[in-house]
Amino acid sequence: MIYVCVPVHNEARTAGLVLWKVRQVFTLFPREYQLLVLDDASTDETPAVLASYAKVLPMTIVTHRAREGYARSLEELLRLALQRTDRPKRDCAITLHADFAHSPESMEDMVKRLESGADLVVAEQVEERGRGSRALRWSRRWAPRLIRLPGLRDPMSGFLALRLIVLRQALRSDGTRLLLTDGWCASAELVARLARHARRLDTVAAAVRYDLVQRPSRVRPWRQLLETWRARTIIRAAHTAVALLVLAASLRAQSDTGRADSTRAAQTSASLTATASAPAPPPTAVPFPVGERLVYGARYGPFSVGTATMEVAGVDTIRSVEAVHFRFLIDGGALWYHIHQNLESWVGRGDFRSRRFLNQTEEKGKTWERKFEIYPDSGVYREAGRDSAAPTVADPLDDAAFLYWIRTVPLEIGKRYEYRRYFRPERNPVIVEVLKRDHVSVAGRKWDAIVIRPRIPNGGGIFAEKADARMWLSDEQPRIMLALQSNFSFGQVTLKLKEYSAPAPAPAPAPPSDHP
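Residues numbered from 1 in each chain as written. Predicted model: local features only at pLDDT ≥ 70, side-chain atom pairs only at ≥ 80, totals over all residues. Heavy atoms only, no water.

Colleague: Describe the overall build of the protein, listing the residues and the values that go with them.
Modeller: In terms of regular secondary structure, the protein is built from 10 helices and 22 strands. Buried residues in the protein amount to 53% of all 516 residues. As displayed, the protein has an accessible area near 23,400 Å², and 50% of this comes from carbon and sulfur atoms. (Helix = DSSP H or I, 4+ residues; strand = E, 2+ residues; numbered from the N terminus. Buried < 20%, exposed > 50% of the residue type's maximum accessible area, 1.4 Å probe, protein only. Areas by Shrake-Rupley, 256 points an atom, 1.4 Å probe, with all protein chains shown as cover.)

Colleague: Tell me what's going on with the pattern of salt bridges, and back it up with residues and numbers.
Modeller: Evaluated as defined, the whole model comprises 35 salt bridges. A salt bridge links E108 to K112; the shortest N-O distance between them is 3.1 Å. Taken together, the positions of E108 and K112, both in helix 4 (residues 107-115) and 4 residues apart, correspond to about one turn of that helix. Residue K112 is classed as partly exposed on the basis of its relative accessible area, which comes to 41%. The partner of E373 in a salt bridge is R319, and the shortest N-O contact between them spans 2.7 Å. Within this pair, whereas E373 is found in strand 14 (residues 366-375), its partner R319 is found in the loop between strand 10 (303-318) and strand 11 (321-334), the two being separated by 54 residues in sequence. Salt bridges sharing common partners tie together D351, R353, R355, D377 and D395. (Salt bridge = Lys/Arg side-chain N within 4 Å of Asp/Glu carboxyl O.)

Colleague: Describe the packing of helix 1 (residues 15-28) against helix 2 (residues 46-54), naming the residues involved and giving the relevant values.
Modeller: Viewed as axis vectors pointing N to C, helix 1 and helix 2 meet at an angle of 25°, and their least axial separation amounts to 9 Å. In terms of orientation, helix 1 lies roughly parallel with respect to helix 2. Between helix 1 and helix 2 the crossing geometry is right-handed. The segment helix 1 lies against helix 2, with A15, G16, L17, L19 and W20 engaging V49, L50 and Y53. (Axes fitted to C-alpha atoms, helices over the stretch in contact; angles between N-to-C directions. Parallel < 35°, antiparallel > 145°, perpendicular 65-115°, else oblique. Left-handed = near helix turned anticlockwise from the far one by under 90°. Contact = heavy atoms within 4.5 Å.)

Colleague: Account for the environment of R453, naming residues and giving values.
Modeller: Position of R453 among the secondary structure elements: in strand 19 (residues 445-455). The contacts of R453, once residues within four sequence positions are left out, are I431, V432, E433, L435, E465, D468, A469 and R470. Within the structure, R453 has its side chain in polar contact with the side chain of D468 (distance 3.1 Å). (Polar contact = N/O pair within 3.5 Å; in protein donor to acceptor, adjacent residues only side chain to side chain.)

Colleague: I'd like a description of the side chain of S354, backed by residues and values.
Modeller: If you trace the backbone, S354 turns up in strand 13 (residues 354-363). There is a polar contact of 2.8 Å between the side chain of S354 and the side chain of D398. When near neighbours in sequence (up to four residues on either side) are disregarded, S354 contacts S345, W346, V347, I374, P376, P396, L397, D398 and A401.

Colleague: Before we move on, could you go through unusual backbone geometry and cite the residues and values that matter?
Modeller: The omega torsion across N428 and P429 is 0°, close enough to zero to call that bond cis. Residue F352 is not a glycine yet carries a positive backbone phi of 55°. Mapping F352 onto the fold places it in the loop between strand 12 (337-348) and strand 13. Backbone geometry at A443 places phi at a positive 55°, although glycine is not the residue there.

Colleague: Tell me about the side chain of D398, and please be specific about residues and values.
Modeller: Within the secondary structure, D398 sits in the loop between strand 16 (390-391) and helix 10 (399-405). Within the buried set, D398 has no salt-bridge partner at all; the shortest N-O distance to an opposite charge, 9.5 Å, is to R421. (Lys, Arg positive; Asp, Glu negative; His and termini not counted.)

Colleague: Summarise the environment of R355; cite the residues concerned and give the values.
Modeller: Tracing the backbone through its elements, the reader meets R355 in strand 13. The buried category is assigned to R355, whose relative accessible area is 5%. C-alpha separation for the pair R355 and Y375, spaced 20 residues apart in sequence, amounts to 6.2 Å. Apart from residues lying up to four places away in sequence, R355 is in contact with I318, R319, V321, W346, V347, G348, F372, E373, I374 and P376.

Colleague: Now, about the nonpolar core: what can you tell me, with residues and values included?
Modeller: Core analysis: the largest hydrophobic core is formed by 58 residues, its most contacted members being F326, F352, L411, Y419, I452, M471 and L482. Every residue in contact with L411, bar those within four places of it in the chain, is listed here: I406, Y417, Y419, V434, I450, I452, L473 and R479. (Core = buried A, V, L, I, M, F, W, Y, C linked by side-chain atoms within 4.5 Å.)

Colleague: Outline the pairing of strand 2 (residues 33-40), supporting the account with residue identities and numerical values.
Modeller: The side chains of a regular strand alternate between the sheet's two faces. In terms of residue burial, strand 2 counts as a mostly covered element, since 7 of its 8 residues are buried. This β-α-β element, strand 1 (residues 2-8) to helix 1 to strand 2, shows right-handed connectivity. Across 6 bridges, the pairing between strand 2 and strand 3 (residues 59-64) is parallel. Directly across from D40, in strand 3, lies its bridge partner H64. Where the polypeptide runs from strand 2 across helix 2 and back to strand 3, its parallel neighbour, the crossover connection is right-handed. (Right-handed = clockwise from strand over helix to strand, strands pointing away. Pairing = 2+ DSSP bridges.)

Colleague: Hey, could you go over the packing of aromatic side chains for me, with residue numbers and the actual values?
Modeller: Across all of its chains, the model carries 14 aromatic pairs by this definition. Ring centres of F357 and F372 lie 6.2 Å apart, and the angle between their planes is 20°; on these two criteria the pair is classed as stacked. In this pair, F357 sits in strand 13 while F372 sits in strand 14, placing the two residues 15 residues apart along the sequence. The pair F357 / F372 is uniform in exposure class, with both members buried. The side chain of R356 reaches across the aromatic face of W346, ending 5.7 Å from its centre. A cation over an aromatic ring shows up here: R445 above the ring of W447, its NZ or CZ 3.7 Å from the ring centre. (Phe/Tyr/Trp six-rings, centres within 6.5 Å; stacked < 30°, edge-to-face > 60°. Lys NZ or Arg CZ within 6 Å of the ring centre and 35° of its normal.)

Colleague: How would you sum up the confidence of the model for the protein? Please name residues and give values.
Modeller: Per-residue pLDDT for the protein has a mean of 78; in total, 72% of the residues score no lower than 70. Segment residues 257-280 is flagged for pLDDT under 50; beyond a separation of four residues in sequence, or across chains, it makes 50 contacts in the model. (pLDDT = per-residue confidence, 0-100.)

Colleague: Go over the state of the cysteines with me, naming the residues and quoting the values.
Modeller: Tallied over the entire structure, the rule returns 0 disulfides. C5 provides the cysteine sulfur closest to C92, a residue in no disulfide bond, and the two sulfurs are 9.7 Å apart. (Disulfide = S-S within 2.5 Å.)

Colleague: Describe helix 2, and please don't skip the residues or the numbers.
Modeller: Among the residues of helix 2, those classed as buried are T46, V49 and L50. Along helix 2, the residues classed as buried sweep out an arc of 95° about the axis, all on the same side. (Arc of directions from axis to C-beta.)

Colleague: Tell me about helix 4, and please be specific about residues and values.
Modeller: One full turn of an α-helix is made of 3.6 residues, so residues set three or four places apart face in the same direction. Residues of helix 4 that are buried include every one of M107, M110, V111 and L114, and no others. One side of helix 4 carries all its buried residues, which in axial view fall inside an arc of 95°. Downstream of helix 4 by one or two residues, G117 has phi in the positive range, about 125°.

Structure below.
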């Protein structure tokens, strides 16, 4: 089903023609469709025109008694489409103006793009037919440059097609209100909120038809340009907020992906395979002192989206074994969006093997938790809330522990290493390529660093193959993670060290005195 959403206000001259043109498109391009039209308190003959067309078209009319504006009307129509569908992955919605600014004929191409796998198709204004005012044309050309959403030249047309599952995901992510702006800005904001959930975004070229518009434009060009400037933070944040969510999800991706594959058979390969022949390293003691703390700033392009903190929290006892307690905290957000995640790991102080792993996440007021007990000597692990145990590797590491352990491993420039130490065997191996030496400036000083490329061919998230992650480690001992960079469909996320602190080493004991 295709739901064509048309918000209307005082469009008596063109609304009927637009609706009839939609009918012609789907007569020549047979698809099942419904027209959802919202009359936003029109004061001309629009209600009578819509009523006459409702008699002959598959059409639903929603009426506002008081005017609520374009954004509210558009959001209400989209929610109505989502409410009516029983197949959101298959069904789609198209948003269309009623003033003939865009020709409905482009809908055929947009639907074909969705049928070929796109989740969102945006009509970009690349041509003008007829003559609008000079101020209108000039501001319309410049407004998209104030926003600049990745992969789009023009997010402001208001003419787009979307798979309804993308709308459902956007509404779940963004809460009670989808659109906080209006006018051109609302069109761009809608694209920003949908694009972050779309697996594939396509564009089609469209012409604005000033020659067919039958009324003076309601747009006040200079005011609209000013409102675009003011709204750019909201629109960019609508697209940016996902960066923090994906970053948090990626850092826990190994333990949070697919519960069903927890019970796959373990791969009992050696702990280390390298292109350079090297023996597997024996278990090592944890060299990091209690109280070490590293604070990172998280950025998406020019935007700060939060902080991440790594710290050695203390030493506990887990099943009669001394265990060092690592903690990885992520905290941040953008505007109405907030996330707090706590990854905690307990590893044997003398053998650097994980004994316990905890993942607690709070996102927009919702909280969930996953806890794993890991038994290296027995070769199994168990997740809280599940009755069965699953096999693990000989020297298991969890997500947080791995970021500490990699700081202890001898790494040589130009070599490639494979580690089969992740506690869920089916996610192994973790591959580390040592690319080069570099110089970086973080935490108020310049550092000599080595650059490594960690990747998990069998996994997802921040170390997925396609993420092409890079990690900068200090070239001095003890190694410190200086920066971490990873690519996602929406852009690049970077962690950079802001603060590093470690307790001062204990003073050496004084030599015995020769005097009595």
